[in-house]
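Letter by letter, the chains look like this.
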Amino acid sequence: MDEADDKDRARQALARAAQRCGWPAEFGEALALYLGSVGAMERMAAYLAQAMEEAADEAVAIVEQRDAWIERKKGEYYNAKITEFYNRERDE
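Read on for a plain summary of the structure. Worth saying up front: this structure is predicted, and the values here are computed from it rather than measured. (Residues numbered from 1 in each chain as written. Predicted model: local features only at pLDDT ≥ 70, side-chain atom pairs only at ≥ 80, totals over all residues. Heavy atoms only, no water.)

Bringing the overall build of the chain into the picture now. Scanning the chain from terminus to terminus reveals four helices and zero strands. For the chain, the succession of helices and strands along the chain, N to C, is α-α-α-α. Relative to the compact-globule value of 12 Å for 92 residues, the chain shows a C-alpha radius of gyration of 19 Å, a clear excess of over 25%. When its C-alpha atoms are laid out on the principal axes, the chain stretches across 70 × 30 × 20 Å. When the accessible surface of the chain is summed, it comes to about 6,800 Å², and 52% of that surface belongs to carbon and sulfur atoms. Across the chain, 13 positive and 20 negative side-chain charges occur, with their mean positions spaced 2 Å apart. (Helix = DSSP H or I, 4+ residues; strand = E, 2+ residues; numbered from the N terminus. Rg over C-alpha atoms; globule rule 2.2 N^0.38 Å. Areas by Shrake-Rupley, 256 points an atom, 1.4 Å probe, with all protein chains shown as cover. Lys, Arg positive; Asp, Glu negative; His and termini not counted. Charge placed at Lys NZ, Arg CZ, Asp CG, Glu CD.)

Shown next, in the form of structure tokens:
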């Protein structure tokens, strides 16, 4: 199974979870589009199964955590590149 299949499966699961909460499937589709990643969609679907209130707030929190993680990883990557640059062998 490839990433596109996983993403589609997660999107459909989130749409079904939204419907079980009494919301239109389109709301689940909108959440899936906003969340973007398979992991975030699966986490949101699990959240909807446990608590039907405050779903939009949870989606925002998930995305903020994911974005913070991405920024941290970018910082680590570029810090390693700068360190590599400073520690390179130089011809003198």
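Past the structure itself, the notes keep going.
Going through the model one piece at a time under the given rule, you end up with three aromatic pairs. A ring pair is formed by Tyr77 and Tyr78, whose centres lie 5.0 Å apart and whose planes are at 80°; its orientation type is edge-to-face. On the basis of relative accessible area, Tyr77 is assigned to the partly exposed category, the value being 47%. On the numbers, 6.0 Å between centres and 55° between planes, the contact of Phe85 with Tyr86 is tilted. With a relative accessible area of 45%, Phe85 lands in the partly exposed category. Sitting over the ring of Phe85, Arg88 keeps its end group 3.9 Å from the ring centre. (Phe/Tyr/Trp six-rings, centres within 6.5 Å; stacked < 30°, edge-to-face > 60°. Buried < 20%, exposed > 50% of the residue type's maximum accessible area, 1.4 Å probe, protein only. Lys NZ or Arg CZ within 6 Å of the ring centre and 35° of its normal.)

This part takes up the packing of helix 2 (residues 25-35) against helix 4 (residues 55-86). Where helix 2 contacts helix 4, the two axes come as close as 10 Å, and the packing angle between them is 15°. On the basis of their axis angle, the class for helix 2 and helix 4 is roughly parallel. In the packing of helix 2 onto helix 4, the handedness of the crossing is right-handed. Contact residues: Leu31, Tyr34 and Leu35 in helix 2; Ala59, Val60, Ile62, Val63 and Arg66 in helix 4. When the residues that make up the contact of helix 2 with helix 4 are grouped by side-chain class, the tally is seven nonpolar, no polar and one charged. (Axes fitted to C-alpha atoms, helices over the stretch in contact; angles between N-to-C directions. Parallel < 35°, antiparallel > 145°, perpendicular 65-115°, else oblique. Left-handed = near helix turned anticlockwise from the far one by under 90°. Contact = heavy atoms within 4.5 Å. Nonpolar A, V, L, I, M, F, W, Y, C, P; charged D, E, K, R; others polar.)

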